Amino acid sequence: MGKSGHVDFSVELREESDWYVGALKTIDHLLDVAAFAVDPVSSIFAVGTLGGSIRIFGAPGVETGVTLSTPTPVKFLQFATNIFKLVAIDEKDTLYIWDLTSQGQIKLEVTFHLGLPATCITLSPSHTHAYIGFESGEVKTYDLLCRRLSAYSIPNAWELYEQELVGGGNFVDTTGTSRLPVDVVIHPRNLNLVFIAYGGGVVLIDLKNRNTLRTYELLIPAGAPGGAGYTDPDLMNHRRPSVISMSIHPSGHFFVVGHIDGSIAFWAVEDDDQPLLVRTLDDIDVHLLDMNNLEKHLPNEEGSEKKSAARHEPREPVFKLAWSGYPNSSDPRGGETSLVILGGQFHGDPPGLNVLWLPPYNPPAPPAPGPAEGLHPFFRKAMRASLDPLDAHFGHTPGIVQDFLLIPRENPHFAGTWDPKAILILFEGEEQTRGIEAYCFPPSAFLAPSDEPAKAPATDADEVDKQDAVAQDLESTLQSMKLHAEPEKLALHPELWSGPNAVMQASLVSLDRIAYDALVGPSPDDPKELRLEGGIAVPAEDIANEIRFAKFEPFRFLVTQHGDLTVRFTDLSVQLIIPSPTSPFTSACPRILPALTIDVLESLGHPTIACSLRPGFVDQARVDLVSFTNEALEVAIALTSGELFVYRLRAQPPYDAVQRNLPDKQLVSLEHLQVARGLRFKPFFMITASSPLSTFAMSDIGFVATAYMDGALSIVDMRGPRILLHADAEAQKPRHRPLQIHKSPTVDPISCLTWTICNLKSDSVPRIRLLACHVSGLTRIYTLMRDSHGMWSVRDAPQEVETTAAPLSAGTFVLDAQTGAPCKADKNRLAVALASSQSPAKEDSDSAAKCLLIVAGAKGVRCFDDLGDGKVSRSEWGSKAGQITTVQVIEKNGSYALVALNDRHEALIYSLPTLEYLHTFTLPTPTPLTPTLDPSGDFLSLTPLHPPRQPSVRSLSPPPAAKRSLSPAPSLSSVASLVSRAAPAYERPARSIVRNIHLDTLFNVRRGYHTPVVSLTERTSGAGPSMPPQPQPVELGPAGWLSTAGSWLGGLGVAAMGSVSGDQIDALLAGPDRPVPAKPAPRAGPGKFTEWDASTTSKSASRTQNTLYDRLHAAVAERGEMLGELENRFNSLEEGSKSMVEQAKRLAVTQTAKGWLSFR
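The structure displayed is predicted, hence computed values, not measured ones. (Residues numbered from 1 in each chain as written. Predicted model: local features only at pLDDT ≥ 70, side-chain atom pairs only at ≥ 80, totals over all residues. Heavy atoms only, no water.)

Participant: Just checking my understanding: could you explain the overall build of the protein for this structure?
Facilitator: Scanning the protein for helices and strands turns up 18 helices and 62 strands. Counting the 1160 residues in the protein, one finds 56% classified as buried. Taking the contacts inside the protein whose residues are at least 6 apart along the sequence as the reference set, 62% of them involve residues at least 24 apart. Put simply, the protein shows about 50,300 Å² of open surface, and 52% of that area lies on carbon and sulfur atoms. (Helix = DSSP H or I, 4+ residues; strand = E, 2+ residues; numbered from the N terminus. Buried < 20%, exposed > 50% of the residue type's maximum accessible area, 1.4 Å probe, protein only. Contact = heavy atoms within 4.5 Å. Areas by Shrake-Rupley, 256 points an atom, 1.4 Å probe, with all protein chains shown as cover.)

Participant: I keep staring at the sheet that holds strand S8 (residues 94-99) and nothing clicks. Help me out?
Facilitator: The strand order across the open sheet built from four strands is S6-S7-S8-S9, with neighbouring strands paired in antiparallel fashion. Here the strands that pair on one side only, and so sit at the sheet edges, are strand S6 (74-80) and strand S9 (107-113). Direction aside, the axes of adjacent strands within the sheet are offset by 15 degrees on average. In this sheet, S9 lies alongside S8 in antiparallel orientation, the contact comprising six bridges. If you follow Trp-98 over to S9, its bridge partner there is Leu-108. (Pairing = 2+ DSSP bridges. Axes fitted to C-alpha atoms, helices over the stretch in contact; angles between N-to-C directions.)

Participant: Could you clarify how one ought to interpret the sheet that holds strand S4 (residues 53-57) in this entry?
Facilitator: Within a sheet, neighbouring strands are paired by backbone hydrogen bonds and run either parallel or antiparallel to one another. Strand order across the open sheet formed by four strands is S2-S3-S4-S5, with antiparallel pairing between neighbours. Strands at the two margins of the open sheet, each flanked by one partner only, are strand S2 (33-39) and strand S5 (63-67). Averaged over all pairs of adjacent strands, the angle between their axes in this sheet comes to 20 degrees, without regard to strand direction. In this structure, S4 lies alongside S5, joined through five bridges in antiparallel fashion. Residue pairing in the sheet places Ile-56 in a bridge with Thr-64 of S5.

Participant: What is the right way to read the nonpolar core from this model?
Facilitator: Generally speaking, nonpolar side chains in soluble globular proteins are found buried as a group. Phe-557 and Phe-569 are the most contacted members of the largest nonpolar core, which has 63 residues in total. When residues of this core are assigned to their parent elements, the largest contribution, five residues, is made by strand S30 (residues 503-511). (Core = buried A, V, L, I, M, F, W, Y, C linked by side-chain atoms within 4.5 Å.)

Participant: Could you clarify how one ought to interpret the pairing of strand S3 (residues 44-49) in this entry?
Facilitator: The side chains of a regular strand alternate between the sheet's two faces. Within S3, six of the six residues are buried, leaving the element largely enclosed by the surrounding structure. Here S3 shows a buried face lined by Ile-44, Ala-46 and Gly-48 and a second buried face lined by Phe-45, Val-47 and Thr-49. Both S2 and S3 contribute to a ladder of six bridges, which runs antiparallel. The residue of S3 that forms the bridge with Asp-39 is Ile-44. Connecting S2 to the next strand, S3, in antiparallel fashion are four residues, including Ser-43 with a positive phi near 60 degrees.

Participant: What exactly am I supposed to notice about the side chain of His-249 here?
Facilitator: Within the secondary structure, His-249 is located in the loop between strand S18 (243-248) and strand S19 (254-259). Residue His-249 is classed as buried on the basis of its relative accessible area of 2%. The residues contacting His-249, other than those within four sequence positions of it, are Pro-188, Phe-254, Phe-255, Trp-323, Arg-333, Thr-337 and Tyr-361.

Participant: Would you take a moment to explain the pairing of strand S36 (residues 623-628) for this structure?
Facilitator: S36 sits mainly inside the fold: five of its six residues count as buried. With five bridges connecting them, S36 and strand S37 (residues 634-639) associate as antiparallel partners. In the sheet register, Val-626 faces S37, and the bridge partner there is Ile-637. Adjacent in sequence and paired antiparallel, S36 and S37 are bridged by five residues, among which Leu-633 carries a positive phi angle near 55 degrees.

Participant: Quick question: what am I supposed to make of the packing of aromatic side chains here?
Facilitator: The geometry of an aromatic ring pair comes down to the distance between the two centres and the angle between the two planes. Inspection of the entire model under this criterion finds 26 aromatic pairs. With 5.1 Å between their ring centres and 55 degrees between their planes, Phe-195 and Phe-255 make a pair best called tilted. Of this pair, Phe-195 sits in strand S15 (residues 193-198) while Phe-255 is found in strand S19, placing the two residues 60 residues apart along the sequence. Taken together through their ring pairs, the aromatic side chains of Tyr-516, Phe-555, Phe-557, Phe-569, Phe-628 and Phe-681 make up a single cluster. We note Lys-320 situated over the ring of Phe-404; from NZ or CZ to the ring centre the distance is 4.7 Å. Over the ring of Phe-684 we find Arg-648, and its NZ or CZ is 3.7 Å from the ring centre. (Phe/Tyr/Trp six-rings, centres within 6.5 Å; stacked < 30°, edge-to-face > 60°. Lys NZ or Arg CZ within 6 Å of the ring centre and 35° of its normal.)

Participant: Sorry, what's going on with the confidence of the model for the protein here?
Facilitator: In low-pLDDT regions, the fine details of the predicted coordinates are not to be read closely. Taken residue by residue, the protein gives an average pLDDT of 83. The fraction at 70 or more is 80%. Per-residue pLDDT stays below 50 along residues 450-464; that stretch engages in one contact with residues further than four places along the chain or on separate chains. Ignoring residues within four places in sequence, the model shows residues 1043-1052, a span with pLDDT below 50, making 20 contacts including any to other chains. (pLDDT = per-residue confidence, 0-100.)

Participant: Help me understand unusual backbone geometry, please; the structure alone is not making it clear to me.
Facilitator: In most cases, non-glycine residues show a negative phi, while peptide bonds are predominantly trans. Note the cis peptide between Phe-441 and Pro-442, where omega equals 0 degrees. Look at the link from Leu-912 to Pro-913: it is a cis peptide, with omega at 0 degrees. Relative to the elements of secondary structure, Pro-913 occurs in the loop between strand S56 (906-911) and strand S57 (917-922). At Arg-210, a residue that is not glycine, the phi angle is positive and equals roughly 55 degrees. The residue Arg-210 is located in the loop between strand S16 (202-206) and strand S17 (211-216) in this model. Although it is not a glycine, Gln-432 sits at a positive phi angle of roughly 60 degrees. Among the secondary structure elements, Gln-432 is positioned in the loop between strand S27 (420-428) and strand S28 (434-440).

Participant: It is not clear to me how the pattern of salt bridges should be interpreted in this structure. Could you clarify?
Facilitator: Pairing is possible between side chains that carry opposite charge, provided their charged atoms lie close to one another. Here the structure, examined in full by the defined rule, presents 39 salt bridges. Residue Arg-513 is joined to Asp-517 by a salt bridge in which the shortest nitrogen-to-oxygen separation is 3.2 Å. Of the two residues, Arg-513 and Asp-517 both sit in helix H7 (residues 513-520), four residues apart, roughly one turn of that helix. Accessibility expressed as a relative area gives 48% for Arg-513, which makes it partly exposed. Here Glu-553 and Arg-556 are joined by a salt bridge, their closest N and O atoms 3.5 Å apart. Per residue, the accessibility class of Glu-553 equals that of Arg-556, and both read buried. One network of salt bridges, in which partners are shared, links Glu-553, Arg-556, Asp-938 and Arg-1007. (Salt bridge = Lys/Arg side-chain N within 4 Å of Asp/Glu carboxyl O.)

Structure (structure tokens):
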């Protein structure tokens, strides 16, 4: 027995050695992404940030990263797919190369300062050189294997072109950007051809012959609208809009160029005289003079004003283009294609991306011979016809798009645009952040069949019923709407939650096995996520002996609130990184659970709900607090305006409910609302409000209570739902009390609500009770009764006791007086209470207290017998303790203690029930936000992007009692924030985006959380990735046409030039003095990575890991031998193709050589 006569509940927690404060896991949200890249062969992708960090993601659980030597923004990021390296250039023009074949920590191979500002970098999956463009206009080549600059470099080809024009007597209006290389694009089907996009135009380079083949320059004649339109001040001048971007058609015969004025020019590779088409997003042939339209914008005869004096609205430049092909045709030239366009809109247009769906280019053979030089008119016409869009799609984004990245299925060629399955979009977010979202690609509307079946003519005998016709028409309309719906959004790794998906608040909940299985069970209709397959993750060797103890821990979920009014669940259980008996690999931790996402905005936007809301409500709605019941699996979401939404799991099988009106006007049924396919939680009902919430509490036994800033209180039985009690502000004013310790303010809101099931000395039957603690220190106890018909009600008069002033939110606990266990309002205790109420009451001769009430406030903590009948103990925080922000009763090994966290990042430990001070520990993660503490001793510490803004005091002062309880640094969980929200004289502190989520603990002993060892070269399926061969040139006409065309071919003919291998390009670029490069590490073989037997679980984890890596090295060696054989075969193919290459060379030199460059 303790000093108070009660049992000591803290026997096992009194010693300092019983506690071990430490960090378990950290989730860093990437809010400043600057660049990204994908390796479709290895099925991994990487993102680089403005802070100089790079994160790599693969299969679930495979995540690793590297950091630049200095915290400099990443400017360029690319994978060298064929040699499995990662290449980056930072803003200080330092080149970094990492070897991705190393296990565990990724090895940095090269740090090389380029010496000049780099403007672009291009890698090929077919050879081992990188093309790097510089502001000087020169393009240099870098040998990724020998780790040095190669001898081959390309001088400023555009400068040489301009000098040639000047030498011929032409006037050249040279700008500062015309000679700047903005991109280097390798021909998708001929490695010997390289396009260099300068600011002035595009140059096609023949690497082997060291000359310029063609030069493409867009000239907008005077009077033609161009991209700027007829309101352009330079309309009557010749214009040469600068080049910003380019992309090549998958056939390799024509390409597209984006310009600074928003125009998009399509060129045939074989014709540099005139573009095929110049268009904008909403007009075509803008490079041609149209006298009718021009006349409308010319000055009047008086010469002062234009006939149509419209204000000039410039377009955005076309920042990026991506032309994708698909395996949707048997023709080698390909089928329908998609063109993604970033930019080209007016400045006032909604932000987003435009996608064009273009017809295939597969014309037949020309009917007649063409001209001796230039592109055959027949093929030019066919190319032009393939540029008329079949369909178009605009993808709206929350912010201005900065970049996008296509995720190919498995082919790295065609500049990473072939057969994409998804698209990543990078856009501007709030608080100067950048957001990322992923969508399925291409849009589903593009893939829908366009041809409708022919309808037979109607006859009197075949005429259908009118109702059937209406039904068919409705079905057709719904199907059309479905086909043209927005592309499906893909869930991303939690580290990439940003923009509207950024985390604003988070909490930690614990689950047992039954609840966990009910929530994470797989479903075929689960929402999609961006799935990758690259890499494996195995437990770290130093933790292998300890993780087996962690499997007995409870499962844990991370519940996050987001800026887009969604609530998401993430599995943070340590069991995810413990290998199972059937697999040595770990899973993703954290693991996203997109099926459990709750979208409050979708509920608010439903017509039946939106019509009852005030104008502008949806735009101002924000999620304030979230409560999750870990037994009933119900979710309550409170908005800052006071409305409370309750969600529950969908019935299986799901059914369609009919809208119904509830008898209580304060309640609105939401059962008729539908949610997106695959989502598990469904709206149940809403509690309306005329005042913001001060707090609320939901129980596992079907009751929810809400308290409001005006002092009102509502108790709802969710079985109806129906309101059991609604006490308005007037009814909540305290009655006369002979001994009034705390003077009540004008408005006395409730700051803490607690559900419990307990019995008292005066009432031996366990009953459901609600404790409502007011700011003034008054606590009301409401008791719920159940009649013979099963209906619940609230006793008329609540019991009133004095506890402590300014009680903390979630700072009230009811404990069993004998064991110290919390008296929860759960299903087990409810069953006991119902059974006790039906049995005859027995007279209890024991006068001891049945339960203890703990109430923590701003100044101290109190312990009472039987919900306030008698005082047991008390403890004042004192000035040395700082400001207490949250408290929790912690359980460990059957013992209980009270833990109080303060604003000094410390944990103060007190014994129970005597409230004796025991220890003070420093928390591992300092943060300005209040941590959320779990009864197990684990807690979340959130680091905001910006420190929270302190509420400012206006001229009006709050009531005296409220002023006394106001703390210097209010938080959402403290009574100070509740008072500041109640008094109009105070502004509520604004929330900031969460940058880091830290899972820490007070008991860091054999917890099992660790960073797994990652190998990016393997896959859990055992099937190793294979590199697709380099695409070969295709003919302008149908297959076989080139061999029969004879001398009337006409034009350059990329197919006629032949192609070269990647090894030939490496030898050409590196020069004869190239040292013998280190042989790149081969990829995994096609066999199984490992054979795992359940009987091996009895062996030590370290031995298992050694065997795992031994087999990995064996597979790597076998793969090396196979690659050696392939190299020999390629060499033989090279010798056999030399004659074709020489013939193509002669044709190219004779017909199209325009000038020679002085290559070094």
